[in-house]
Amino acid sequence: MSAPLLEAVGLTKSFGEGEARVDVLHDVTLRIERSELIALVGASGSGKSTLLNLLGLLDRPSAGTLRLDGRDTEQLDEEARTELRSERLGFVFQAHHLVPALTVVENVMMPAAVRAGGFDEAARARALALLASVGLEGQGDRWPRQLSGGMAQRVAVARALMNAPPLVLADEPTGNLDTQSSDQVFALLLREQAERSTALVVVTHDPTLASRCARVVRLVDGRIVADGPPDQVLLDTRARRV
Ligand SMILES: Nc1ncnc2c1ncn2[C@@H]1O[C@H](COP(=O)(O)OP(=O)(O)O)[C@@H](O)[C@H]1O
Ligand SMILES: [Mg+2]
């Protein structure tokens, strides 16, 4: 059997020192297989973003190990981690973080441009195709400020897919959107996940959205307290926000 896409064992994370120390994650063990669709749920402050930042190599755990594609990421220096991140991971955040001085298509090309050291035609063609797939055909030469929130977030999804990463991490990607745009962006993330066979970990507060994911992981106070199919994990919280 091949190694899982990502394997986190015993992750802990603390911020600060001495009396100011806050222990945010405790002994988090999580295995993510290729093509898996996972919703990460939990109350505000339960450690979801902290965990996603560790899984995305944006931060390092205080203890524990994290293997991506069988490689122990703690053994890598920052340069190697950055390279691995740009090759293997795509990110979507709550705010779209599009670069205002770049056109829409250039924003989508950014992950490839960073790796190649500049914009090239092949990347542009791929970025335009991605824009078409997120319903933004013909919008590549517009500027981010000309887009609605929902459109900008769809651009952010296209950008996350630019380097064809096997794992996409989305931290409340629909948190800033109205219900209709939120449904659209979520459906898009799920469709792209299925069509491209990427693994997707999506943080959401919305139980209806979470219930569309095959696997739901719930954090309470920095610990995984449930990990399973949505009908099992979401059962007792349907009525309230997760
Ligand atoms: N850089 C930091 N320094 C100190 N505390 C932090 C830092 N980042 C997060 N925390 C704390 O960790 C806890 C979990 O935060 P977070 O991961 O953002 O939760 P969630 O995304 O589930 O809302 C919160 O209590 C937060 O205040
Ligand atoms: Mg958060």
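Here goes a summary of the coordinates provided.

Looking at the overall build of the protein
Part 1: Each helix and strand counted, the protein has 8 helices and 10 strands in total.
Part 2: Relative to a compact globule of 242 residues, whose C-alpha radius of gyration would be 18 Å, the protein shows 18 Å and is just as compact.
Part 3: By residue count, 50% of the 242 residues in the protein fall in the buried class.
Part 4: Across the protein, the fraction of contacts at a sequence separation of at least 24, relative to all contacts at a separation of at least 6, is 68%.

Topic: the site of ligand 1
Part 1: With respect to spatial proximity, the complete set of residues near ligand 1 consists of Phe15, Val24, Ala43, Ser44, Gly45, Ser46, Gly47, Lys48, Ser49 and Thr50.
Part 2: Here an oxygen atom of ligand 1 sits 2.9 Å away from a polar atom, N or O, in the side chain of serine 49.
Part 3: Coverage of ligand 1 by the protein amounts to 58% of the 560 Å² it exposes when considered alone.
Part 4: When grouped by side-chain class, the residues that make up the shell around ligand 1 number 3 nonpolar, 6 polar and 1 charged.

Here we look at the pairing of strand 10 (residues 223-228)
Part 1: Summarising the sheet, strand 9 (residues 215-220) and strand 10 pair through 5 bridges and their orientation is antiparallel. Each residue of the ladder has a partner; that of valine 217, found in strand 10, is aspartate 227.
Part 2: Turn length for the strand 9-strand 10 hairpin, with the two strands adjacent in sequence and antiparallel, is 2 residues, and the turn residue aspartate 221 shows positive phi of about 45°.

Describing the packing of helix 4 (residues 121-133) against helix 6 (residues 179-196)
Part 1: At a closest axis distance of 11 Å, the pairing of helix 4 and helix 6 adopts a crossing angle of 125°. Between helix 4 and helix 6, the crossing angle belongs to the class labelled oblique. Contacts from Arg126, Leu130 and Ser133 in helix 4 reach Leu188, Arg191, Glu192 and Arg196 in helix 6.
Part 2: Its residues assigned to classes, the contact of helix 4 with helix 6 comprises 2 nonpolar, 1 polar and 4 charged.

The rules we used
Residues numbered from 1 in each chain as written. Chains lettered and ligands numbered in written order. Predicted model: local features only at pLDDT ≥ 70, side-chain atom pairs only at ≥ 80, totals over all residues. Heavy atoms only, no water. Helix = DSSP H or I, 4+ residues; strand = E, 2+ residues; numbered from the N terminus. Rg over C-alpha atoms; globule rule 2.2 N^0.38 Å. Buried < 20%, exposed > 50% of the residue type's maximum accessible area, 1.4 Å probe, protein only. Contact = heavy atoms within 4.5 Å. Near = heavy atom within 4 Å. Polar contact = N/O pair within 3.5 Å; in protein donor to acceptor, adjacent residues only side chain to side chain. Areas by Shrake-Rupley, 256 points an atom, 1.4 Å probe, with all protein chains shown as cover. Nonpolar A, V, L, I, M, F, W, Y, C, P; charged D, E, K, R; others polar. Pairing = 2+ DSSP bridges. Axes fitted to C-alpha atoms, helices over the stretch in contact; angles between N-to-C directions. Parallel < 35°, antiparallel > 145°, perpendicular 65-115°, else oblique.

Interpretation in functional terms is not warranted from these geometric data alone.
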